[in-house]
Number of protein chains: 2
Amino acid sequence: MTTIKATPITAAAFAPFGEVLTARDTPSKMINAGKCERHHALATVQRGGGEAIISIFRSEPVSLPYECRLLERHPLGSQAFMPLGDQPWLSVVAPDEGGRPGQPLAFIVPAGVGVNLHAGTWHGVLTPLDHAADFLVVDREGDGVNLEEVVIPGVTITR
Amino acid sequence: MTTIKATPITAAAFAPFGEVLTARDTPSKMINAGKCERHHALATVQRGGGEAIISIFRSEPVSLPYECRLLERHPLGSQAFMPLGDQPWLSVVAPDEGGRPGQPLAFIVPAGVGVNLHAGTWHGVLTPLDHAADFLVVDREGDGVNLEEVVIPGVTITR
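Throughout, a residue's number is its position along its own chain's written sequence, starting from 1. As a convention, the first chain written is A and the first ligand written is 1, with the rest following in written order. For a predicted model such as this one, the threshold for reporting local features is a pLDDT of at least 70, and the threshold for listing and counting side-chain atom pairs is 80 or more; totals across whole chains, interfaces and linings nevertheless cover every residue. In computing side-chain properties, one takes all heavy atoms of the structure into account and sets aside hydrogens as well as water.

What is the right way to read the pattern of salt bridges from this model?
Working definition: two side chains of opposite charge can pair if their charged atoms are close together. A pair is scored as a salt bridge if a Lys or Arg side-chain nitrogen falls within 4 Å of a carboxyl oxygen belonging to Asp or Glu. What the rule picks out here adds up to 14 salt bridges over all chains. Salt-bridge contacts for E67(A) lead to R69(A); the nearest nitrogen and oxygen are separated by 2.4 Å. Measuring nitrogen to oxygen at the nearest pair gives 3.4 Å for the salt bridge that ties D130(B) to R159(B). Here D130(B), found in the loop between β15 (127–128) and β16 (133–141), pairs with R159(B), found in the segment after β17 (148–158); they are 29 residues apart in sequence, far enough to count as distant. Since its relative accessible area comes to 39%, D130(B) is described here as partly exposed. Several salt bridges share partner residues, and in doing so they unite R73(A), D96(A) and E148(A) into one network. By the criteria applied, helices consist of DSSP H or I runs no shorter than four residues and strands consist of E runs no shorter than two, each listed in order from the N terminus. To sort residues, take the accessible area from a 1.4 Å probe on protein chains only and compare it with the maximum for the residue type: under 20% means buried, over 50% means exposed, and anything in between is partly exposed.

What follows is the structure, given as structure tokens:
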């Protein structure tokens, strides 16, 4: 069993997999007579000929160490997850190696911060840490097969 | 000056303007081996030939009574707002009457609950109540004029 250590998410480390959804250091512009910062287009929904939809996922938590045995990906669309609670969560992703997931990486994502996974990015199931949580999810609906699942040799993710 | 009373949001009352983004009484389906409720497609992004984008708005608050003097609408796309904090917020909308906004309505929206405004829905600027707040915003980017603003005879919104 391989063991990997979860690390704090950064935009640079996550860039191969998607965007980190958080306010930038400087807003794109001020709106509403200067009363509102717009941090514009942190991500664009990839919808592969379908439509962008907004859902809520309500997930049971996991705790570390956590054993990950399943990865999935959505080849036709991006998938964004934004936590609605006040707890950090875990994002597990993996590079693609010839159509199969390579070695996973695990990121600790702070409360109030989301991610947008690019189309085709291997990732684990939704894993809030220690507390059940709701997430706003923006992903793709339309024709075509948009789910691949792969059972992997288990990896143990630790703090 | 007209005075209107803000009322708690309900899906039925808000239906002419858009969807309320909150978990349903019963999830659409269970995913992740039964560990996650998917409340599927609470809203579909209207993108009027453009693309769906994900942004964050960080807004100063208002307090009630609040005087609303400006409404706007986006004729080409929907616009969803999901609060990321733990405080209620205010959604001001108005019916269209021949291309101009009619009498506004004001809804108190609980923490953790969002709205998706349909394309062309007259609405006030983003108004968290009493505390500055971040919102995840899903709206439309693309060619064309997607903003109309109208100064209205002021309405005072009270609790």
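Help me understand the interface of chain A and chain B in this model?
Interfaces are often described in size by the accessible area the parts lose on coming together. In what follows, residue pairs with any heavy atoms lying within 4.5 Å of each other are defined as contacts. At the junction of the two partners, chain A supplies 42 residues and chain B supplies 42 residues. Defined here as a combined quantity, buried area equals the accessible surface (1.4 Å probe) lost by two parts on assembly, summed across both. For the chain A and chain B pair, buried surface summed over both sides reaches about 3,600 Å², with 57% attributable to carbon and sulfur atoms. Three residues stand out in chain A for area buried against chain B, namely I54(A), I56(A) and R58(A), and they jointly supply 18% of the buried area on that side. At the boundary of chain A with chain B, the tally comes to four salt bridges.

Can you walk me through empty space enclosed by the protein in this structure?
Over the atoms rolls a probe the size of a water molecule, and in doing so it shows where empty space is left. Residues and elements named next belong to chain B. Using protein atoms alone on a 1 Å grid, points that fit a 1.4 Å probe yet trap it form a cavity, whereas open point sets bounded by protein on both sides within 12 Å along at least five of seven lines form a pocket; residues with an atom within 4 Å of a point count as lining. Grid points are joined across faces, edges and corners, and a volume is the space filled by probe spheres set on the points. Enumeration according to the criterion identifies one cavity of 30 Å³ or more in this entry. Approximately 70 Å³ is the volume found for the largest cavity. Every element with two or more residues in the lining of the largest cavity is listed here: β9 (89–94) and β13 (114–117). A total of four residues in the lining of the largest cavity trace back to one element, the largest contributor, which is β9. A class-by-class count of the residues in the lining of the largest cavity yields eight nonpolar, four polar and no charged. Three categories are distinguished: nonpolar for Ala, Val, Leu, Ile, Met, Phe, Trp, Tyr, Cys and Pro, charged for Asp, Glu, Lys and Arg, and polar for the others, with Gly belonging to the last.

Please clarify how the sheet that holds strand β8 (residues 79–83) of chain B should be interpreted in this entry.
Hydrogen bonds between backbone atoms are what pair the strands of a sheet, whose relative direction is either parallel or antiparallel. Taken in spatial order, the seven strands of this open sheet run β4(A)-β5(A)-β6(B)-β16(B)-β8(B)-β13(B)-β3(B), and their pairing is antiparallel. Looking along the sheet, the strands with just one partner apiece sit at the ends: β4 (29–31) of chain A together with β3 (18–21) of chain B. Mean inter-strand twist for the sheet, computed between neighbouring axes without regard to direction, equals 25°. A strand pair is defined by DSSP finding two or more bridges across the two strands. Here strand β5 (residues 36–44) of chain A pairs with strand β6 (residues 51–59) of chain B via six bridges, running antiparallel. Note on β6(B): the bridge partner recorded for T44(A) is I53(B). The convention used is that axes are lines fitted to C-alpha atoms, helices contributing only their stretch in contact, and that angles between N-to-C directions extend from 0 to 180 degrees.

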